[in-house]
Amino acid sequence: MATVSSSIPAPQNAADESAPSRLRSTLHITWLRFLRSKTALVGLILICCLLATALLADVLAPYSPYAVDSDASLSPPSQAHPLGTDLLGRDMLSRIIYGSRISLYVGFTSISLAVFVGIPLGLITGFYGGKFDLIAMRFMDVILAFPFYLQAIVIMVILGPSTTNAIIALSIERIPTFARIVRGSTLSVREMPYVEATHALAFSALRTLFRHVLPNCLAPIIVAATFSTATAIIVEATLSFLGLGTQPPTASWGWDLKQNLTFLEMNAWITVFPGISIFLTVLGFNLLGDGLRDALDPRLKQ
Amino acid sequence: MKRRSFIAGVTAAAGLSALPWRFARAETPKSGGMLKVAYASDIHSGRFTLNREGPPGYETFWVSNNIHNQLVTLGPDYKVAPDLAQSWEVLGDGAEYVFNLHENVKFHDGTDCDAEAVKWNFDDMIQRGKKSWVYVYFNQMDSAEVVDKHTVKVKMKEPAALLPALAGYFGGVPIGSPTAVEKYGEEWNRHPVGTGAFTYDINDYRPDEKIVLKKNPNYFKPGLPYLDEIEISVIKDPLASMTALRTKQIDFLQRVNPQHVPIIERAKGVVLETAPERMPLVCFMNMRKPPFDDVRVRQAIGGFGLNRKEVAQTVFQNRATPLVSILPPGVQDYLDLNEMYPYDPEKAKALLKEAGHGPDNPVEFELLLNNDAPFFSDAATLMKSQYEKIGVKMKLTMMDKPAFLDRFLGKYDYQMAMEDFGALVDINQRSVSFFRGAKSNYGGLESPEIEDLTMKWRREPDEAKRTEITHDMQRAFAKDMLWCNITGSPYFQAYQDYVKGYHFMNQLYVRWETTWLNKA
């Protein structure tokens, strides 16, 4: 008996031992396919630059983003102020550098919160189904039924204007996206033989959900998170533009764009540069998202 | 012996005729055409409360000005001028006022605007009492009585100045049709029926979009108005409204953002109007609660620690006046008090220290502002940087206008609030906010001295003595920093050069009865 049992390895052990090498190989293939797309690389470089700017803002910015200099009001680009100054004489380059922190902070935090709530919700509703699934998904439908911007504005009006509240509003809006993606994947994955095997082996529900179901739903989550970050950055800029998001004097691209719009005709640069920053950031996330989607899509395997 | 002062009908008639003919010397007015106007806000929920309820907002006044007349109004020289009353007498140093009305004046609904109708309006106002937000101006009014069909007498409880309030405070007391108020019941304020140069039909009104006024063919002033129609569009974005003016989509822009003035100055075929400020940019300090219940903190933060000159230079690009006095420079009897509070951060720090604040216990407060005008946040940001220099921490909270007004005017739920507030004729107009217990005492002022001076001003028939009282009041406000103005709030209006006969009244009135279009 002992000989027989030792010669037949337990199925879970076999799966666990082969998992790292399989994961390495999957990541490697995905990375190779990602590298094939030049636009995806451009997106990655843009996001890396943005991350570096945000992390090194204290080193890169020549001035404090709040330093008022009345004598330098509305100065055109010069050696002292490469992107000019706004009405209060604040250095636009410094404000744009510090503004990247707000954009990334709001983008990453709001999407992380949405993922944190959306994934368990999608896993549970998809795996168990039943009344909870029905009620939770109808609730998600209600959230999705409202136009995105309108909903964000309503939430901001109720909660009051601030960066934190903008993050909460954006998270609430993105939860249904992740819950639905994960639920859809879970519904198909739960019928797979390896999930049935976990039942036969009496694995706990948590172990089944997070070790065997979730890893097989990750690809669409990563792609959706990337695109959602781009959307979150645009919505934050829009809310700040409307005076409902980040409050002055905090450096925010959306607010600076709105506040400097007054001077569009006389001093266009102070409006154009925050606009370009938003454009490049969102472009970066979208290109990255496109590249990841292509790289992670098994149907596009050659 | 009763003193009788009499303002002759000759003066009155001259004032009246000055309005249309003043502009007609060079060119003969042409009748017809539509004036396209842009306002930054809608009229207040489409309601014309005639000042008998809550404050309706400036846009509503400026529409109401053209639908209604008052007994008296302000002429081009900002002096009291005839309107429905062709002349008047002031009896007993202001104990009684007798108004001689124009004859054969009809409301838009065809009923007579005679002494009975005028009395009805005054009775209605007295009866509503404190429900009317301008009640404090008229609380000394006792009754109105009909002398004959075209003569009305207003009796006061005690001698008091009545004419400035009737003529110019927030659109004065517009005379509406009693029949229409009866006909429309609860909805009376959505159906304004006056005697004015233009008529209003609620069916033409599109909330937040369009207000239409049409010519009153039975207007009692001969030959007026010239325009057939006025279409007022609501364009909230100042950049969009300025572009609409420059591209001739509109003929008249009610308010130009001060920061856009250099562009309008360069625009061809556009007339830009301005005058010394009548409205201040105010930082209300709520004296009901800390930290502004302490006079030393008010003097430090609203006085020596606030660099008004820098705000005027930077935010308004030198188009505004630094302002310590409660009165802006364009208002009658203004006194320049800027030397009372020169910018002196060290003195401000010393005052704060005296009040128990220092690096370990800094003054912290929230400044409430709205996003109606871009210069609010610019001024607030600049002030924040100035306050950092005296160790004061100010947090900015920006809200949309309705939410802002609810916290600021409705609940007094603020520490400091910024707003450009009330275009003034004189200091008495500001007194709506001076009295303890008054709903419009937004800052929580509790000063028997100011109340006494206000009543003294109202009872004083002599203009020179009223000037002295006005000066005393300005000094009293500044001494304890009971009212914190930052700068004047400059007002600019612009219109196409083919718009003729319009007289700029620096926010007090926007009237088009004499306006005409000089184009094919």
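On a predicted model such as this, the values are computed, not experimentally measured, just so you know. For every chain, the first residue of the written sequence is number 1, and numbering continues from 1 along that sequence. The lettering of chains begins at A and the numbering of ligands begins at 1, in the order of writing. This being a predicted model, a pLDDT of at least 70 is required before a residue's local features are given, and a value of 80 or more before pairs of side-chain atoms are given or counted; all residues contribute to the totals for chains, interfaces and linings.

A. Examining the confidence of the model for chain B more closely. Residues and elements named next belong to chain B. pLDDT gives the predictor's per-residue confidence on a scale running from 0 to 100. Per-residue confidence for chain B gives a mean pLDDT of 90; residues scoring 70 or more make up 95%. Our contact criterion uses C-beta atoms placed from the backbone: two residues qualify when those atoms are within 7 Å. Under a pLDDT of 50 for its full length, residues 1-24 has, in the predicted model, 35 contacts with residues more than four places off or in other chains. Model confidence for the complex is summarised by a pTM of 0.82, with the ipTM given as 0.76.

B. Region of interest: the packing of helix 5 (residues 92-128) of chain A against helix 8 (residues 163-189) of chain A. Residue and element names in this part refer to chain A. The N-to-C vectors of helix 5 and helix 8 enclose an angle of 35 degrees; their axes lie 5 Å apart at closest approach. In the crossing of helix 5 with helix 8, the sense of the turn from one axis to the other is right-handed. When grouped by side-chain class, the residues that make up the contact of helix 5 with helix 8 number 20 nonpolar, 10 polar and three charged. The angle between two axes is taken between their N-to-C directions and runs from 0 to 180 degrees, where each axis is a line fitted to C-alpha atoms and a helix contributes only its stretch in contact. For the purposes of this entry, the term helix denotes a DSSP run of H or I that reaches at least four residues, the term strand denotes a run of E that reaches at least two, and both are numbered from the N terminus. Each crossing gets its hand from how the near helix is turned against the far one by less than a right angle, where anticlockwise is left-handed and clockwise is right-handed. Throughout this entry, Asp, Glu, Lys and Arg are counted as charged residues, while Ala, Val, Leu, Ile, Met, Phe, Trp, Tyr, Cys and Pro are counted as nonpolar. The remaining residues, Gly among them, count as polar.

C. Expanded view of the nonpolar core. Counting residues in hydrophobic clusters, the biggest one holds 217 residues, and the most contacted among them are A:Phe178, A:Ile221, B:Leu253, B:Leu368, B:Ala379 and B:Met416. Ranked by residue count, the leading element in this core is helix 5 of chain A, at 14 residues. For A:Ile221, the residues in contact, after removing those within four places along its chain, are A:Val115, A:Ile119, A:Phe178, A:Ile181 and A:Val182. As used here, a nonpolar core is made of buried Ala, Val, Leu, Ile, Met, Phe, Trp, Tyr and Cys residues. They are joined through C-beta atoms within 7 Å. Three classes are used. A residue is buried when 20 or more other C-beta atoms lie within 10 Å of its own, exposed when 12 or fewer do, and partly exposed in between, with C-beta atoms placed from the backbone.

D. Structural context of the sheet that holds strand 16 (residues 393-399) of chain B. All names here are of chain B. For two strands to be treated as a pair, DSSP must find no fewer than two bridges joining them. Taken in spatial order, the five strands line up as 16-15-17-14-18 in an open sheet, and their pairing is mixed. Whereas interior strands pair on both sides, the edge strands pair on one side only; in this sheet they are strand 16 and strand 18 (485-488). Across the sheet, the mean angle from the axis of one strand to that of its neighbour is 20 degrees, orientation sign disregarded. By the bridge criterion, two bridges tie strand 15 (residues 364-370) to strand 17 (residues 416-420) in an arrangement that is parallel. Bridge assignment links Leu-367 to a residue of strand 17, and that residue is Met-416. Of the strands in this sheet, strand 15, strand 16 and strand 17 touch helix 13 (residues 401-410), which is tilted by about 135 degrees from strand 15.

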